[in-house]
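# Notes for the structure review
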Amino acid sequence: MASANKQQKRAARAKTKAKQNRTKRAEAPVELDPNDDRIDFESVDLTELFKKMIDAEKISQQALCTAFLEDPLLELVFEQEGEEGAMDFILAALIEYRQWSQETDEAGALAWIESPAFQADYVAASDAIAAQTQQKN
(Lines give C-alpha, C1' and ligand atoms only; values in the text may rest on other atoms or scores of the structure.)
Protein backbone atom coordinates (compact mmCIF):
# COMPACT_ATOMS: atom_id res chain seq x y z
CA MET A 1 0.00 0.00 0.00
CA ALA A 2 1.24 3.48 -0.82
CA SER A 3 2.45 5.84 1.87
CA ALA A 4 0.01 8.33 3.37
CA ASN A 5 1.75 11.19 1.57
CA LYS A 6 1.48 9.44 -1.79
CA GLN A 7 -2.18 8.61 -1.15
CA GLN A 8 -2.85 12.28 -0.35
CA LYS A 9 -1.17 13.37 -3.58
CA ARG A 10 -3.16 10.83 -5.58
CA ALA A 11 -6.35 11.89 -3.88
CA ALA A 12 -5.63 15.55 -4.64
CA ARG A 13 -4.97 14.72 -8.31
CA ALA A 14 -8.14 12.64 -8.45
CA LYS A 15 -10.16 15.42 -6.84
CA THR A 16 -8.86 17.90 -9.38
CA LYS A 17 -9.49 15.50 -12.25
CA ALA A 18 -13.04 14.76 -11.05
CA LYS A 19 -13.77 18.49 -10.95
CA GLN A 20 -12.33 18.91 -14.45
CA ASN A 21 -14.47 16.00 -15.67
CA ARG A 22 -17.64 17.57 -14.26
CA THR A 23 -16.75 20.90 -15.84
CA LYS A 24 -16.04 19.29 -19.22
CA ARG A 25 -19.33 17.38 -19.18
CA ALA A 26 -21.16 20.65 -18.61
CA GLU A 27 -19.48 22.18 -21.69
CA ALA A 28 -20.36 21.48 -25.30
CA PRO A 29 -19.12 18.12 -26.61
CA VAL A 30 -15.65 18.17 -28.12
CA GLU A 31 -15.11 16.80 -31.62
CA LEU A 32 -12.67 13.89 -31.45
CA ASP A 33 -10.25 13.00 -34.23
CA PRO A 34 -11.91 10.13 -36.12
CA ASN A 35 -8.48 8.62 -36.81
CA ASP A 36 -7.63 8.39 -33.10
CA ASP A 37 -8.64 4.99 -31.74
CA ARG A 38 -7.85 5.98 -28.15
CA ILE A 39 -10.77 6.46 -25.79
CA ASP A 40 -11.32 9.88 -24.23
CA PHE A 41 -11.74 8.74 -20.63
CA GLU A 42 -12.68 12.20 -19.42
CA SER A 43 -15.90 12.05 -21.44
CA VAL A 44 -16.80 8.40 -20.82
CA ASP A 45 -20.28 7.89 -19.36
CA LEU A 46 -19.85 5.78 -16.23
CA THR A 47 -23.57 5.41 -15.47
CA GLU A 48 -23.77 1.72 -16.42
CA LEU A 49 -20.69 0.91 -14.34
CA PHE A 50 -22.13 2.86 -11.41
CA LYS A 51 -25.41 0.94 -11.68
CA LYS A 52 -23.49 -2.36 -11.50
CA MET A 53 -21.54 -1.04 -8.53
CA ILE A 54 -24.63 0.11 -6.61
CA ASP A 55 -26.25 -3.31 -7.16
CA ALA A 56 -23.07 -5.02 -5.93
CA GLU A 57 -22.88 -2.69 -2.92
CA LYS A 58 -26.20 -4.15 -1.74
CA ILE A 59 -24.28 -7.43 -1.26
CA SER A 60 -21.15 -5.95 0.29
CA GLN A 61 -18.55 -3.24 -0.11
CA GLN A 62 -16.06 -5.88 -1.32
CA ALA A 63 -18.56 -6.93 -4.01
CA LEU A 64 -18.76 -3.28 -5.07
CA CYS A 65 -14.95 -3.16 -5.38
CA THR A 66 -14.97 -6.41 -7.35
CA ALA A 67 -17.61 -5.10 -9.77
CA PHE A 68 -15.54 -1.95 -10.26
CA LEU A 69 -12.21 -3.71 -10.71
CA GLU A 70 -13.60 -6.34 -13.12
CA ASP A 71 -15.03 -3.76 -15.50
CA PRO A 72 -13.27 -3.94 -18.89
CA LEU A 73 -12.95 -0.15 -18.93
CA LEU A 74 -10.23 -0.31 -16.27
CA GLU A 75 -8.09 -2.55 -18.45
CA LEU A 76 -8.42 -0.06 -21.31
CA VAL A 77 -7.47 2.81 -19.02
CA PHE A 78 -4.40 0.94 -17.82
CA GLU A 79 -3.34 0.07 -21.38
CA GLN A 80 -3.73 3.62 -22.66
CA GLU A 81 -2.77 5.71 -19.64
CA GLY A 82 -0.25 3.57 -17.75
CA GLU A 83 -0.22 2.90 -14.02
CA GLU A 84 -0.26 6.50 -12.77
CA GLY A 85 -2.97 7.55 -15.21
CA ALA A 86 -5.00 4.49 -14.25
CA MET A 87 -4.66 5.33 -10.54
CA ASP A 88 -5.89 8.87 -11.23
CA PHE A 89 -8.84 7.50 -13.18
CA ILE A 90 -9.68 4.96 -10.46
CA LEU A 91 -9.68 7.59 -7.72
CA ALA A 92 -11.68 10.04 -9.83
CA ALA A 93 -14.21 7.34 -10.78
CA LEU A 94 -14.63 6.18 -7.16
CA ILE A 95 -15.09 9.77 -5.97
CA GLU A 96 -17.62 10.37 -8.72
CA TYR A 97 -19.42 7.10 -7.87
CA ARG A 98 -19.72 8.00 -4.20
CA GLN A 99 -21.02 11.45 -5.06
CA TRP A 100 -23.52 9.92 -7.49
CA SER A 101 -24.71 7.12 -5.20
CA GLN A 102 -24.70 8.89 -1.85
CA GLU A 103 -25.08 12.52 -2.93
CA THR A 104 -22.06 13.43 -0.83
CA ASP A 105 -19.41 16.07 -1.45
CA GLU A 106 -15.85 15.36 -2.58
CA ALA A 107 -14.49 15.43 0.96
CA GLY A 108 -17.03 12.82 2.06
CA ALA A 109 -16.27 10.65 -0.96
CA LEU A 110 -12.55 10.91 -0.33
CA ALA A 111 -13.01 10.03 3.35
CA TRP A 112 -14.93 6.90 2.28
CA ILE A 113 -12.14 5.85 -0.12
CA GLU A 114 -9.45 6.46 2.51
CA SER A 115 -11.35 4.63 5.26
CA PRO A 116 -9.68 1.46 6.57
CA ALA A 117 -12.81 -0.58 5.80
CA PHE A 118 -12.88 0.48 2.14
CA GLN A 119 -9.11 0.03 1.78
CA ALA A 120 -9.35 -3.51 3.19
CA ASP A 121 -12.29 -4.43 0.91
CA TYR A 122 -10.57 -2.93 -2.13
CA VAL A 123 -7.35 -4.87 -1.48
CA ALA A 124 -9.30 -8.08 -0.80
CA ALA A 125 -11.23 -7.69 -4.07
CA SER A 126 -8.03 -6.95 -5.96
CA ASP A 127 -6.28 -9.99 -4.45
CA ALA A 128 -9.24 -12.26 -5.27
CA ILE A 129 -9.27 -11.07 -8.90
CA ALA A 130 -5.49 -11.56 -9.14
CA ALA A 131 -5.82 -15.10 -7.75
CA GLN A 132 -8.58 -15.92 -10.26
CA THR A 133 -6.49 -14.53 -13.12
CA GLN A 134 -3.48 -16.53 -12.01
CA GLN A 135 -5.53 -19.76 -11.87
CA LYS A 136 -6.75 -19.18 -15.44
CA ASN A 137 -3.17 -18.87 -16.67
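Residues numbered from 1 in each chain as written. Predicted model: local features only at pLDDT ≥ 70, side-chain atom pairs only at ≥ 80, totals over all residues. Heavy atoms only, no water.

## A closer look at the packing of helix α3 (residues 61-69) against helix α4 (residues 72-102)
Each pair of packed helices can be described by the angle between their axes along with the distance between the axes. Close contact between α3 and α4 brings their axes to 12 Å; oriented N to C, the two are set at 145°. Both α3 and α4 take part in a crossing whose hand is right-handed. Here α3 contributes L64, F68 and L69 to the contact with α4, which in turn contributes L74, I90, A93, L94 and Y97. Of the residues that constitute the contact of α3 with α4, the class distribution is eight nonpolar, no polar and no charged. (Axes fitted to C-alpha atoms, helices over the stretch in contact; angles between N-to-C directions. Helix = DSSP H or I, 4+ residues; strand = E, 2+ residues; numbered from the N terminus. Left-handed = near helix turned anticlockwise from the far one by under 90°. Contact = heavy atoms within 4.5 Å. Nonpolar A, V, L, I, M, F, W, Y, C, P; charged D, E, K, R; others polar.)

## Focus on the nonpolar core
What tends to happen in soluble globular proteins is that the nonpolar side chains get buried as a cluster. With 30 residues, the main nonpolar core has L46, M53, F68, L94, F118 and Y122 as its most contacted residues. Taken together, the elements giving at least two residues each to this core come down to α1 (4-26), α2 (47-57), α3, α4, α5 (106-114) and α6 (116-136). Once residues lying within four places of it in the same chain are set aside, the contact partners of F68 are L49, M53, L74, I90, A93, L94 and Y122. (Core = buried A, V, L, I, M, F, W, Y, C linked by side-chain atoms within 4.5 Å. Buried < 20%, exposed > 50% of the residue type's maximum accessible area, 1.4 Å probe, protein only.)

## So, the packing of aromatic side chains
The full count for this structure, using the stated rule, is six aromatic pairs. Centre to centre, the rings of F50 and Y97 are 5.5 Å apart; their planes meet at 65°, and the pair counts as edge-to-face. Taken together, the residues span a long stretch of sequence, with F50 in helix α2 and Y97 in helix α4 at a distance of 47 residues. Both residues of the pair, F50 and Y97, belong to the buried class. An angle of 50° between the planes, with centres 4.5 Å apart, marks the rings of W112 and F118 as tilted. With relative accessibility at 8%, the residue W112 sits in the buried group. Here the aromatic cluster, defined as three or more aromatic residues joined through ring pairs, consists of F50, Y97, W100, W112, F118 and Y122. (Phe/Tyr/Trp six-rings, centres within 6.5 Å; stacked < 30°, edge-to-face > 60°.)

## Points about the packing of α2 against α3
Contact geometry of α2 with α3 gives a least axis separation of 7 Å together with a crossing angle of 155°. When the axes of α2 and α3 are compared, the pair comes out roughly antiparallel. Note that α2 runs across α3; the crossing there is right-handed. Of the residues in α3, those touching α2 at L49, K52, M53, A56 and E57 are A63, L64, A67 and F68. (Parallel < 35°, antiparallel > 145°, perpendicular 65-115°, else oblique.)

Distances and angles like these do not, on their own, reveal function.
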